[in-house]
Amino acid sequence: MIDVLLADDQALVRGGFRALVDSEPDMRVVAEAATGDAAVELALEHLPDVVLMDIRMPGTDGLAATRRIAADPRAAGVHVVVVTTFELDEYVTEAIRAGAAGFLVKDTEPADLVRAVRVAASGEALLSPSVTRRLLARVAGAARDVPAPPGLDDLTPRERQVLVEVAGGLANDEIARKLYLSESTVKTHVSRVLTKLRARDRAQLVVVAYESGLVRPGWDGEL
């Protein structure tokens, strides 16, 4: 079962998410939080696979709560997906930097939200398509002012190639088909890239790839 924590200050929103999640045979809601502080406390108590986190909540907001969860070693297996009505650039970038595994807006289709839970639980990164385009354009625009991250030069040519495909939003099975590799080999490469770049998850790999200038918006991904 995929355990899910709901964090939103609106009971109606939590109720809708609960009905959606609990209707899936492989998911269940283990707790609900109406504040950021409660979200952190319950995340550390239940250690859910996924937290669906609102941004604007009383007291500690969702970004600060995400940052606290991501920084706690006990929550290493907890994946936060930020779900909000506010599709603003600063929220997107801050959410990813805070350690969020994904970012969705609340008008996302129900099926897409369910898919997001499964994707996040598997360790993949997930962003709304419109959010992804704006995030990458913003990050790439500032890339010239950001030094190359430590570890980038340590990547092998194949690891750089895999990083490019991760930044393009491809899942492991899609990368495997494109590069003619086994999925297990791709997982090994991704794990090594995460370690060398000291990134928490794939979402942060996307930011690193664009900040470093390794890839650019609109690029076809060919090295």
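The name recorded for the protein chain in an unreviewed UniProt entry is Response regulator transcription factor, from Myceligenerans salitolerans.

Draft legend 1. Layout of the overall build of the protein chain. Broken down by element type, the protein chain carries ten helices and six strands. Within the protein chain, buried positions represent 49% of all 223 residues. Across the protein chain, the fraction of contacts at a sequence separation of at least 24, relative to all contacts at a separation of at least 6, is 67%. For the protein chain, the accessible area works out to roughly 10,500 Å², and carbon and sulfur atoms hold 51% of it.

Draft legend 2. Main features of the pattern of salt bridges. Within the structure shown, the criterion is met by twelve salt bridges. Between R118 and D26 there is a salt bridge, with its nearest N and O atoms 2.9 Å apart. With a gap of 92 residues between them, R118 in helix α5 (residues 110-121) and D26 in the loop between α1 (11-22) and β2 (27-33) connect regions that are remote in the sequence. On the basis of relative accessibility, which here comes to 32%, the residue R118 falls in the partly exposed class.

Draft legend 3. Molecular detail of the side chain of E165. Residue position: E165 is located in helix α7 (residues 157-167). Taking relative accessible area as the criterion, E165 reaches 5% and is therefore assigned buried. A polar contact is formed between the side chain of E165 and the side chain of K178, at a distance of 3.2 Å.

Draft legend 4. Region of interest: α5. Taking 1.5 Å per residue as the helical rise, α5 with its twelve residues ought to reach 16 Å, and the 17 Å between its terminal C-alpha atoms agrees with that figure. By the burial criterion, the buried members of α5 are L113, V114, A116, V117, V119 and A120. Once α5 ends, the next one or two residues include G123, with phi positive near 95°.

Draft legend 5. Looking closely at the environment of A111. Within the secondary structure layout, A111 lies in helix α5. The class for A111 is exposed, based on a relative accessible area of 56%. Considered as a pair, A111 and L20 are 91 residues apart in the sequence and their alpha carbons are 9.0 Å apart.

Draft legend 6. Focus on the confidence of the model for the protein chain. In this model, the protein chain carries a mean pLDDT of 82, and residues with pLDDT of at least 70 account for 82%. For residues 219-223, every residue scores under 50 in pLDDT, and the model assigns this stretch eight contacts once sequence neighbours within four places are set aside.

Draft legend 7. A look at the packing of α7 against helix α8 (residues 172-179). Their axes nearest at 10 Å, the elements α7 and α8 cross at an angle of 125°. Between α7 and α8, the crossing angle belongs to the class labelled oblique. Crossing angle aside, the handedness with which α7 passes α8 is right-handed. Contacts between α7 and α8 involve R158, Q161, V162, E165 and V166 from the former and I175, K178 and L179 from the latter.

Draft legend 8. Just the packing of α7 against helix α9 (residues 183-197), in detail. Packing of α7 against α9 brings their axes to within 9 Å, and their N-to-C directions diverge by 95°. Relative to α9, α7 is oriented roughly perpendicular. Two secondary-structure elements touch here, α7 through R158, E159, V162, L163 and V166 and α9 through H189, V190, R192, V193, K196 and L197. Along the lines of polarity and charge, the residues of the contact of α7 with α9 split into six nonpolar, one polar and four charged.

Draft legend 9. Geometry of the pairing of strand β5 (residues 102-105). The two faces of β5 match: G102 and L104 on one face and F103 and V105 on the other face are all buried. Pairing of strand β4 (residues 79-84) with β5, which is carried by four bridges, proceeds in the parallel orientation. In the sheet register, V82 faces β5, and the bridge partner there is F103.

Basis of the calculations
- Residues numbered from 1 in each chain as written.
- Predicted model: local features only at pLDDT ≥ 70, side-chain atom pairs only at ≥ 80, totals over all residues.
- Heavy atoms only, no water.
- Helix = DSSP H or I, 4+ residues; strand = E, 2+ residues; numbered from the N terminus.
- Buried < 20%, exposed > 50% of the residue type's maximum accessible area, 1.4 Å probe, protein only.
- Contact = heavy atoms within 4.5 Å.
- Areas by Shrake-Rupley, 256 points an atom, 1.4 Å probe, with all protein chains shown as cover.
- Salt bridge = Lys/Arg side-chain N within 4 Å of Asp/Glu carboxyl O.
- Polar contact = N/O pair within 3.5 Å; in protein donor to acceptor, adjacent residues only side chain to side chain.
- Expected span 1.5 Å × (residues − 1).
- pLDDT = per-residue confidence, 0-100.
- Axes fitted to C-alpha atoms, helices over the stretch in contact; angles between N-to-C directions.
- Parallel < 35°, antiparallel > 145°, perpendicular 65-115°, else oblique.
- Left-handed = near helix turned anticlockwise from the far one by under 90°.
- Nonpolar A, V, L, I, M, F, W, Y, C, P; charged D, E, K, R; others polar.
- Pairing = 2+ DSSP bridges.

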